[in-house]
2 protein chains.
Amino acid sequence: MGEPRFRATYLIETAYPLADAAAALAGEQSTGTFIRLPGETDELLERHAARVEAITEVEPVPTPSLPGAGRPKGADLVRRARVTISWPLATIGPSLPNLMATVAGNLFELKQFSGVRLLDLDLPPAFAEAYPGPQFGVAGTRALAGVEGRPLVGTIIKPSVGLSPAETAALVDTLCEGGIDFIKDDELQANGPHCPLADRVRAVMPVIDRHAQRTGRKVMYAFNITDDLDAMLRHHDTVLAAGGTCVMVSLNSCGLVGLSALRRHSRLPIHAHRNGWGYLSRSPALGFEYAAWQKVWRVAGVDHMHVNGLRNKFSELDASVIASARTCLAPMFAPPAPGFAIMPVFSSGQWAGQAPDTFRMLGSVDLIYACGGGIVAHPGGVAAGVASIRQAWEAAVSGQDLHAYAETHAELRQALDQYGAA
Amino acid sequence: MGEPRFRATYLIETAYPLADAAAALAGEQSTGTFIRLPGETDELLERHAARVEAITEVEPVPTPSLPGAGRPKGADLVRRARVTISWPLATIGPSLPNLMATVAGNLFELKQFSGVRLLDLDLPPAFAEAYPGPQFGVAGTRALAGVEGRPLVGTIIKPSVGLSPAETAALVDTLCEGGIDFIKDDELQANGPHCPLADRVRAVMPVIDRHAQRTGRKVMYAFNITDDLDAMLRHHDTVLAAGGTCVMVSLNSCGLVGLSALRRHSRLPIHAHRNGWGYLSRSPALGFEYAAWQKVWRVAGVDHMHVNGLRNKFSELDASVIASARTCLAPMFAPPAPGFAIMPVFSSGQWAGQAPDTFRMLGSVDLIYACGGGIVAHPGGVAAGVASIRQAWEAAVSGQDLHAYAETHAELRQALDQYGAA
């Protein structure tokens, strides 16, 4: 066994010999500088250096994907490879911020590379001991929302900005009346002067409570508490005191240390919005695969994480969306360490139409299925919009064709007519 | 004047008409969804919507820089433009995390674009009232370090990892003896079990104090306190209690909320390491220009920020390095609001040789000039290494040729011989 290590797998692109390039990455991220130094003994290198564990060449590219890379004399090929590097855990201890500085620090701009992308991480169970992980995850979220055996049908308060607390509460009333399971603030609506968080909570929660008394189920509302730390904790407490059951945070705005501090304080599920993910991922040669990125946030303790949706309004392909969602549900550690499974959140251009493919490709109903216009702009109104989503998932799970199922389900029929050509 | 607004300028790349693409970005980041909703009145749009302020077309590109973009029928050109968007401050209030969710949220993956890069930000003075900004900046750092009229000559403890606290202290002793002004931990060395922060502080500070009694100047040591929040604040207090004068944080590992919480607690200069900057910037069509990115951290309150160095070991060009350094020194707000100028930190492959160009291109000595091998591997030893850097800056500032100046300065001569061919 030996000392525990953590591993990172990259897609690299380089005009240098692959073994040399991989060694440069490992060197830079452990003991390296541009010249070997007096204190750098062989024994120190052996004990502390990162190690290249595996190099698997994949197809080359005709030209460098990113500018600024070097090219050795005579090199006429830009090679690509999947490279796994490992580090002794004892170098950093189980500290997520220092993990990030190690596996995703000064390496993306190394001259040896015209591409570096972090594909995956493999963390030893020490991280599950040092961090709390998700407090609610899939099962806890279902229990709080009172929804079993199907996705949580969700929506986003729209317009993104501009509604007052009273207008928000009126919309929530309509949504609860319509049978929604989950509502979230838009990521652009947090605590602005036009709709302060505390006022919004005060306006919304009595509405949710009133419907909960009627139905026996409390609609889960993810209040966007993204802010500086003191404000964020205060907002959390406001939501908790008002009987709210979820808080939302923009991960990239907040950062790892802030999220971690919130998690250790929180008594509510943390709904993690990934806005900004595009700048971390859209260049295929650079940045992060979701598989690597989401692991860090799960260890820190989020409960729900956005994965985009099929046929979304963004540039992401369906296969990538499903791959992301699968990673949220896959156990992070082998038993007896916890699995840390969390709810993937599907959203962006979602309506009834994507349910069958989502279920077929994901193979699970453990997800939040969030529709904006797909519910609120349904021609039969919000209740009909919610019904259309539930019907679409009934059809999906029971393996029936959506159009056939719509023959006996009017709301689904209307949805297909309204959005089907979109 | 009207209500205060904040502005973001982007480089966009699109096959759609520029005005339509810019409007899509503004819409997505304020009131938009994929279909106009019942509550979305004209008055609400007018009051809350983001506004396209300017569109300046620049040269087109032959093919899309990033995958996944749409292309309208018949479009045969991929246009590029600098686009400025503004938002009413009242939408979010002066909150940095919510600023980021707005100007750098769900927009980099919009289908309209094959490239979106945030070039610059223009923030109203309300941000300087809501946030403390740099506590020490250029003047405070100089006062603490006792260095005026020239750059702080700095170095990095290398090897990056593997030295014990006692070995680190021994190296610090040599460096102080050699006349160094500034020392920093490597970003890979924070609080690992082989060299715990508290032990390192306990070993290093008496050495620094001993030399301070001899010289009257206390060498500034930036202890890397990157960690979860509680640990980070505890580490800060440990450094402060031991008489240390600087703490270092990896910005991207920590995040905005964590950094901001540290700043409000801190009584020491915050040395900000930008490791990970490559994944935010290396694709020219995506992510951030340093000009935009550094402003957010300055408002949050860092005092020193890394900018790479001339002829560095990374892929960044010299012009970009200097542009970054200039932004650190440029006032962020017009008087009477504070300027928030901070120290740019030059590092990566630095030695005496880059001093003249650095001074010529930057036009200032307000910087930290950090050399690793450029000092520690000097053939005459550390003191000679430090001397060579000071001599190079003397030559630079007095406008003398480096080789000519070396004729009467042996340490500089040795440096030119040692590193000059590198």
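Our subject is the structure that appears above.
Nothing here was measured: the structure is a model prediction, and the numbers come from that model. (Residues numbered from 1 in each chain as written. Chains lettered and ligands numbered in written order. Predicted model: local features only at pLDDT ≥ 70, side-chain atom pairs only at ≥ 80, totals over all residues. Heavy atoms only, no water.)

1. Some words on the interface of chain B and chain A
Accessible area lost on assembly of the parts is the figure often given for the size of an interface.
Turning to step 1, where the next piece is worked out: Each side of the interface is counted separately: chain B has 91 residues, and chain A has 91 residues.
Turning to step 2, where the next piece is worked out: When the two sides are added together, the surface that chain B and chain A hide from each other amounts to roughly 7700 Å², 61% of it contributed by carbon and sulfur.
Turning to step 3, where the next piece is worked out: Run the count over chain B and chain A and you get 2 salt bridges.
Turning to step 4, where the next piece is worked out: Residue Lys313(A) is joined to Glu28(B) by a salt bridge in which the shortest nitrogen-to-oxygen separation is 3.1 Å.
Turning to step 5, where the next piece is worked out: At the junction of chain B and chain A, the tally comes to 36 residue pairs in polar contact (both at pLDDT 80 or more).
Turning to step 6, where the next piece is worked out: Here the side of chain B that touches chain A takes 6 residues from helix H10 (residues 256-265) of chain B, the largest share from any one element.
Turning to step 7, where the next piece is worked out: Here the residues of the side of chain B that touches chain A are counted per class, giving 39 nonpolar, 39 polar and 13 charged. (Contact = heavy atoms within 4.5 Å. Buried area = accessible area lost by both parts, 1.4 Å probe. Salt bridge = Lys/Arg side-chain N within 4 Å of Asp/Glu carboxyl O. Polar contact = N/O pair within 3.5 Å; in protein donor to acceptor, adjacent residues only side chain to side chain. Helix = DSSP H or I, 4+ residues; strand = E, 2+ residues; numbered from the N terminus. Nonpolar A, V, L, I, M, F, W, Y, C, P; charged D, E, K, R; others polar.)

2. Considerations on the sheet that holds strand S12 (residues 343-346) of chain B
Residue and element names in this part refer to chain B.
Turning to step 1, where the next piece is worked out: Taking strand neighbours around the barrel as the criterion, the 8 strands line up as S5-S6-S7-S8-S9-S11-S12-S13 in a closed arrangement whose pairing is parallel. On average, adjacent strands in this sheet sit at an angle of 25 degrees to one another, irrespective of strand direction.
Turning to step 2, where the next piece is worked out: Here strand S7 (residues 220-224) pairs with strand S8 (residues 246-250) via 3 bridges, running parallel. Each residue of the ladder has a partner; that of Phe 223, found in S8, is Val 247.
Turning to step 3, where the next piece is worked out: Its contacts with the sheet place helix H13 (residues 318-329) against strand S11 (304-306) and S12, and it is angled at close to 155 degrees to S12. (Pairing = 2+ DSSP bridges. Axes fitted to C-alpha atoms, helices over the stretch in contact; angles between N-to-C directions.)

3. With respect to unusual backbone geometry
All names here are of chain A.
Turning to step 1, where the next piece is worked out: That bond from Pro 335 to Pro 336 is cis: its omega, 10 degrees, falls within 30 degrees of zero.
Turning to step 2, where the next piece is worked out: Relative to the elements of secondary structure, Pro 336 occurs in the loop between helix H13 (318-329) and strand S12 (343-346).
Turning to step 3, where the next piece is worked out: For Phe 340, which is not glycine, the phi torsion reads 60 degrees and is therefore positive.
Turning to step 4, where the next piece is worked out: Tracing the chain through its elements places Phe 340 in the loop between H13 and S12.

4. Here we look at the relation of the copies chain B and chain A
Turning to step 1, where the next piece is worked out: Laying chain B over chain A is done by rotating through 180 degrees and shifting 0.0 Å along the axis; what remains is an RMSD of 0.0 Å. What the rotation and shift describe, once combined, is the action of a two-fold rotation axis. For chain B, the minimum C-alpha distance to the rotation axis belongs to Gly255(B) and amounts to 1.9 Å.
Turning to step 2, where the next piece is worked out: Interface overlap between copies is the fraction of interface residues in one copy that are interface residues in the other; for chain B against chain A it reaches 100%, indicating a shared surface. (Least-squares fit on C-alpha atoms with pLDDT ≥ 70 in both.)

5. Side note on the pattern of salt bridges
Turning to step 1, where the next piece is worked out: Applying the stated criterion across every chain yields a total of 42 salt bridges over all chains.
Turning to step 2, where the next piece is worked out: Among the ionic pairs, Arg360(B) bridges to Asp357(B), the shortest N-O distance being 3.2 Å. Taken together, the positions of Arg360(B) and Asp357(B), both in helix H14 (residues 355-362) and 3 residues apart, correspond to about one turn of that helix.
Turning to step 3, where the next piece is worked out: For Arg360(B), a relative accessible area of 59% translates into the label exposed.
Turning to step 4, where the next piece is worked out: When salt bridges with common partners are traced through the structure, they connect Arg150(A), Asp181(A), Arg217(A) and Arg390(A) into a single cluster. (Buried < 20%, exposed > 50% of the residue type's maximum accessible area, 1.4 Å probe, protein only.)

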